[in-house]
Amino acid sequence: MGDYMNRRAVLLLGGAAALAACGGNAPPLPLGTDGKPLPRVYKISEADAAAIDFRMLDAVNALRRARGGPAVTFDAQLNAAAATHARDMSVQNRPWHFGSDGSSPLVRVQRVGYPDKLLGELISETFQTELETLSAWMAAPETREVLLDPRATQMGFAWYQEPNGKIWWCLLSGTSGGIIPISPLGLTQ
């Protein structure tokens, strides 16, 4: 019986050691008041900064192709208008479609000399990655409509990250043929 007890003790101690190793020293995830894990900050490194725009473009085009739509390409003027607005939303500390000077998306693309039709603007304030933000836009019918609009041939995309990690995202879609007013659905978050 003593041999059996020694074997049992060794097995129990070995099992306990294995379980302790599985738990590691990882700190527990901080929980919000709703009991769910709080979002983790997506700190954009210099190496990631150059790739983010193209990951977004590739992901948008994959979604558009899956729906039978044409691919979009970056437009430098739409990118400039998106960058201006992403930074301006941070200055205002609110995600909305009007600039601190009262400018609308249409006015902002006119200011950068965009000669074609603006179809829509998507914005977001988050700590999430660009692909998580895209997923959130795809989850809402109004923003999904802007992303998948079959008339779109051009896209502008930019972001601004604050020191605390908060990211302001802005995506503009357009097509050739001259500037037209934006529908209310084009002005969604």
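Refer to the preceding data block for the structure.
Scope of this entry: the structure provided in the associated data block. What you are looking at is a predicted structure, and each value in this text was computed from that prediction instead of being measured. (Residues numbered from 1 in each chain as written. Predicted model: local features only at pLDDT ≥ 70, side-chain atom pairs only at ≥ 80, totals over all residues. Heavy atoms only, no water.)

1. A closer look at the packing of aromatic side chains
Here is the rule we go by: Geometry of aromatic contacts follows a simple scheme: Phe, Tyr and Trp rings, the Trp one being its six-membered ring, pair when their centres are within 6.5 Å, and the pair is stacked under 30 degrees between planes, edge-to-face over 60, tilted otherwise. By the criteria applied, helices consist of DSSP H or I runs no shorter than four residues and strands consist of E runs no shorter than two, each listed in order from the N terminus. Buried, partly exposed and exposed residues are distinguished by accessible area as a fraction of the type maximum, computed with a 1.4 Å probe on protein chains only: under 20%, between the cut-offs, and over 50%, respectively. Counted as over-ring charges are cases with an Arg CZ or a Lys NZ within 6 Å of the ring centre that also lie within 35 degrees of the ring normal.
The full count for this structure, using the stated rule, is four aromatic pairs. Aromatic pair phenylalanine 157 and tryptophan 169: ring centres 5.7 Å apart, planes at 15°, arrangement stacked. Taken as a pair, phenylalanine 157 in strand E3 (residues 154–161) and tryptophan 169 in strand E4 (residues 167–175) lie far apart in primary sequence, twelve residues in all. An identical accessibility class is assigned to phenylalanine 157 and tryptophan 169; each is buried. When the ring of tryptophan 159 is compared with that of tryptophan 169, the centres are 6.4 Å apart and the planes differ by 55°; the resulting orientation is tilted. Remark: tryptophan 169 occurs in strand E4 and tryptophan 159 occurs in strand E3; sequence separation between them is ten residues. Residue tryptophan 159 is classed as partly exposed on the basis of its relative accessible area, which comes to 23%. Its relative accessible area of 0% is what places tryptophan 169 among the buried residues. One aromatic cluster is present, built from ring pairs that chain together Phe157, Trp159 and Trp169. Positioned above the aromatic ring of tyrosine 160 is the side chain of arginine 87, whose terminal nitrogen or guanidinium carbon lies 4.5 Å from the ring centre.

2. Remarks on helix H5 (residues 130–139)
Counted only if it meets this: This arc is built from the directions going out from the helix axis to the C-beta atoms.
If you check which residues of H5 are buried, you get Glu130, Thr133, Leu134, Trp137 and Met138. In an axial view of H5, the angular spread of the buried residues amounts to 140°, which keeps them on one side of the axis.

3. Here we look at helix H2 (residues 46–66)
In plain terms, the rule: Take the number of residues in a helix, subtract one, and multiply by 1.5 Å to get its expected span. The term bend refers to the angle at a residue between two fitted axes, each drawn through seven residues, those ending there and those starting there. Throughout, a contact is declared for two residues whenever any of their heavy atoms are within 4.5 Å.
Here H2 contains 21 residues, and its C-alpha end-to-end distance of 31 Å stays within 8% of the 30 Å for a straight helix at 1.5 Å per residue. Where H2 bends most, the angle comes to about 35°, and this point is isoleucine 52. Buried residues of H2: Ile52, Met56, Leu57, Ala59, Val60, Asn61 and Arg64, and no others. Lining the buried residues of H2 we find strand E1 (73–74), H5, helix H6 (141–148), E3 and E4. Glycine 68 occupies a position one or two residues after H2 and carries a positive phi of about 80°.

4. Section: the pairing of E4
Going by this rule: Following DSSP output, two strands are said to pair if at least two bridges run between them.
The element E4 is largely enclosed, with a buried count of nine among its nine residues. Every second residue of E4 is oriented toward a common face, with Ile167, Trp169, Leu171, Ser173 and Thr175 on one face and Trp168, Cys170, Leu172 and Gly174 on the other, all of them buried. The pairing of strand E2 (residues 117–126) with E4 spans nine bridges and is antiparallel. By the bridge assignment, leucine 122 is partnered in E4 with leucine 171.

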